[in-house]
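Chain and residue survey
One-letter residues, chain by chain:
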Amino acid sequence: GWAAVGVGTDELSYGDFYPLQVTEKTYIFLRKYFDEICIVVFNKDNKETNIEFVLPDWVSSKGLKAGFGNNFKLEGKKLTITLQPWSFEILTSFI
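First, a word on scope: everything that follows refers to the structure included in this document. (Residues numbered from 1 in each chain as written. Predicted model: local features only at pLDDT ≥ 70, side-chain atom pairs only at ≥ 80, totals over all residues. Heavy atoms only, no water.)

The biggest cluster of nonpolar side chains holds 14 residues, and the ones touching the most others in it are Ile39, Val41, Ile51, Phe53, Ile81 and Leu91. Elements supplying a minimum of two residues to this core: β2 (26-33), β3 (36-43), β4 (49-54) and β7 (78-83). Excluding residues within four positions of it along the chain, Ile81 makes contact with Val41, Thr49, Asn50, Ile51, Asn70, Asn71, Phe72, Glu89 and Leu91. (Core = buried A, V, L, I, M, F, W, Y, C linked by side-chain atoms within 4.5 Å. Buried < 20%, exposed > 50% of the residue type's maximum accessible area, 1.4 Å probe, protein only. Helix = DSSP H or I, 4+ residues; strand = E, 2+ residues; numbered from the N terminus. Contact = heavy atoms within 4.5 Å.)

What follows is the structure in C-alpha coordinates.
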(Lines give C-alpha, C1' and ligand atoms only; values in the text may rest on other atoms or scores of the structure.)
Protein backbone atom coordinates (compact mmCIF):
# COMPACT_ATOMS: atom_id res chain seq x y z
CA GLY A 1 0.00 0.00 0.00
CA TRP A 2 0.84 3.68 0.08
CA ALA A 3 2.17 3.33 3.63
CA ALA A 4 5.28 1.71 2.15
CA VAL A 5 6.23 5.11 0.64
CA GLY A 6 5.28 7.07 3.76
CA VAL A 7 1.87 8.17 2.51
CA GLY A 8 -1.41 7.42 4.20
CA THR A 9 -4.55 7.15 2.16
CA ASP A 10 -6.17 9.99 4.11
CA GLU A 11 -3.80 12.61 2.67
CA LEU A 12 -4.49 11.43 -0.87
CA SER A 13 -8.25 10.99 -0.47
CA TYR A 14 -9.44 13.72 1.87
CA GLY A 15 -8.74 17.29 2.80
CA ASP A 16 -8.07 20.37 0.76
CA PHE A 17 -6.90 20.14 -2.86
CA TYR A 18 -4.53 22.74 -4.33
CA PRO A 19 -3.40 22.51 -7.96
CA LEU A 20 0.15 23.92 -8.10
CA GLN A 21 1.08 23.46 -11.76
CA VAL A 22 -0.83 22.11 -14.74
CA THR A 23 0.85 22.01 -18.15
CA GLU A 24 0.85 19.68 -21.13
CA LYS A 25 3.86 17.82 -19.68
CA THR A 26 3.50 18.25 -15.89
CA TYR A 27 0.77 18.01 -13.29
CA ILE A 28 1.43 18.95 -9.66
CA PHE A 29 -1.07 19.12 -6.85
CA LEU A 30 -1.00 19.36 -3.08
CA ARG A 31 -3.39 17.72 -0.64
CA LYS A 32 -3.64 19.02 2.93
CA TYR A 33 -5.29 16.87 5.55
CA PHE A 34 -5.12 18.40 9.04
CA ASP A 35 -1.38 19.06 9.56
CA GLU A 36 -0.18 16.60 6.90
CA ILE A 37 0.56 17.49 3.31
CA CYS A 38 1.41 15.48 0.27
CA ILE A 39 2.56 16.92 -3.04
CA VAL A 40 2.11 14.72 -6.09
CA VAL A 41 4.32 15.52 -9.09
CA PHE A 42 3.66 13.88 -12.48
CA ASN A 43 6.05 13.92 -15.45
CA LYS A 44 3.85 13.29 -18.49
CA ASP A 45 6.75 13.59 -20.94
CA ASN A 46 8.54 10.80 -22.77
CA LYS A 47 11.93 12.01 -21.49
CA GLU A 48 13.59 12.62 -18.13
CA THR A 49 12.60 16.09 -16.97
CA ASN A 50 13.69 18.60 -14.34
CA ILE A 51 10.47 20.05 -12.94
CA GLU A 52 10.45 23.34 -11.03
CA PHE A 53 7.63 24.76 -8.95
CA VAL A 54 7.10 27.05 -5.97
CA LEU A 55 5.68 25.81 -2.69
CA PRO A 56 2.86 27.87 -1.19
CA ASP A 57 4.03 30.23 1.58
CA TRP A 58 2.18 28.26 4.26
CA VAL A 59 3.94 24.98 3.42
CA SER A 60 7.06 24.19 5.43
CA SER A 61 9.84 22.56 3.47
CA LYS A 62 11.37 21.13 6.67
CA GLY A 63 11.12 17.37 6.78
CA LEU A 64 9.93 17.09 3.16
CA LYS A 65 10.53 13.49 2.03
CA ALA A 66 10.29 11.80 -1.37
CA GLY A 67 8.31 8.58 -1.04
CA PHE A 68 9.89 6.94 -4.10
CA GLY A 69 13.39 8.30 -3.51
CA ASN A 70 13.67 10.74 -6.41
CA ASN A 71 16.23 13.48 -5.84
CA PHE A 72 14.92 16.97 -5.27
CA LYS A 73 16.47 20.31 -4.35
CA LEU A 74 15.00 23.19 -2.37
CA GLU A 75 16.07 26.82 -2.69
CA GLY A 76 13.81 28.80 -0.41
CA LYS A 77 10.30 27.88 -1.59
CA LYS A 78 11.43 26.79 -5.09
CA LEU A 79 11.56 23.01 -5.48
CA THR A 80 13.29 21.25 -8.37
CA ILE A 81 12.85 17.52 -8.92
CA THR A 82 14.08 15.21 -11.67
CA LEU A 83 11.63 12.56 -12.82
CA GLN A 84 11.95 9.74 -15.32
CA PRO A 85 9.59 9.62 -18.34
CA TRP A 86 5.94 8.96 -17.49
CA SER A 87 6.60 8.80 -13.76
CA PHE A 88 5.54 10.51 -10.56
CA GLU A 89 6.71 11.29 -7.05
CA ILE A 90 4.87 11.83 -3.79
CA LEU A 91 6.48 14.29 -1.38
CA THR A 92 5.22 14.36 2.21
CA SER A 93 5.65 16.66 5.17
CA PHE A 94 3.83 18.38 8.01
CA ILE A 95 2.82 22.04 8.05
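What follows covers the pattern of salt bridges. If you walk through the whole model with that rule in mind, you get 4 salt bridges. Its salt-bridge partner being Lys25, residue Asp45 comes within 3.6 Å of it at the nearest N-O pair. In this pair, Asp45 sits in the loop between β3 and β4 while Lys25 sits in the loop between β1 (16-22) and β2, placing the two residues 20 residues apart along the sequence. On the basis of relative accessible area, Asp45 is assigned to the buried category, the value being 9%. Lys25 gets classed as partly exposed once you look at its relative accessible area, which sits at 37%. We note a salt bridge from Glu52 to Lys78, for which the minimum N-O separation is 3.9 Å. (Salt bridge = Lys/Arg side-chain N within 4 Å of Asp/Glu carboxyl O.)

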